[in-house]
Amino acid sequence: MVNGIERPLDLLNASRGKEVIVQLKGDKQYVGTLLAFDVHINVVLDNAKEMQDGEIKKNIGLTFLRG
């Protein structure tokens, strides 16, 4: 156990309210503030931005990413 984190969901819970990067299949990345998640790793991001090659491609705002 490191910093009270034993399972992946513990890390997600500790990251709530913080900016995170979500890497999807097909080299898509989204950066935003983690608002919520569930056991299927569906996530809700606020102020989300679609990233490509380290650059912002599109501002999305509030979004739901399916796990």
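Residues numbered from 1 in each chain as written. Predicted model: local features only at pLDDT ≥ 70, side-chain atom pairs only at ≥ 80, totals over all residues. Heavy atoms only, no water.

Draft legend 1. Structural context of the pairing of strand 4 (residues 55–65). Bridge count for strand 3 (residues 43–52) against strand 4 is 8 bridges, and the pairing is antiparallel. Bridge pairing in strand 4 links lysine 49 to asparagine 59. (Pairing = 2+ DSSP bridges. Helix = DSSP H or I, 4+ residues; strand = E, 2+ residues; numbered from the N terminus.)

Draft legend 2. Spatial organisation of the sheet that holds strand 1 (residues 19–23). The strand order 1-2-3-4 describes an open sheet built from 4 strands, whose pairing is antiparallel. Both outer strands of the open sheet, strand 1 and strand 4, are each paired with one neighbouring strand and no more. If you compare each strand with its neighbour and ignore which way they point, the axes differ by 30° on average. The pairing of strand 1 with strand 2 (residues 29–37) spans 5 bridges and is antiparallel. Paired with valine 22 across the bridge in strand 2 is tyrosine 30. (Axes fitted to C-alpha atoms, helices over the stretch in contact; angles between N-to-C directions.)

Draft legend 3. Broad picture of the pairing of strand 3. Here 7 bridges tie strand 2 to strand 3, and the two strands are oriented antiparallel to one another. Directly across from leucine 34, in strand 3, lies its bridge partner leucine 45. Taking the residues between adjacent antiparallel strands as the criterion, strand 2 and strand 3 are bridged by 5 residues, where isoleucine 41 takes a positive phi near 65°. Once strand 3 ends, the chain turns through 2 residues before running back antiparallel as strand 4, passing aspartate 53 with a positive phi of about 55°.

Draft legend 4. Summary view of the environment of phenylalanine 37. Following the sequence through the fold, phenylalanine 37 ends up in strand 2. Overall, the relative accessible area of 22% leaves phenylalanine 37 in the partly exposed class. Between the alpha carbons of phenylalanine 37 and lysine 25 there is a distance of 18 Å; along the sequence they are 12 residues apart. If sequence neighbours within four positions are ignored, phenylalanine 37 has contacts with Leu9, Leu12, Asn13, Arg16, Asn42 and Val43. (Buried < 20%, exposed > 50% of the residue type's maximum accessible area, 1.4 Å probe, protein only. Contact = heavy atoms within 4.5 Å.)

Draft legend 5. Expanded view of the environment of glycine 67. Relative to the elements of secondary structure, glycine 67 occurs in the segment after strand 4. Note: C-alpha distance between glycine 67 and glutamate 6 (61 residues apart in sequence) is 20 Å. The contact partners of glycine 67, leaving out residues within four places of it in the chain, are His40, Ile41 and Asn42.

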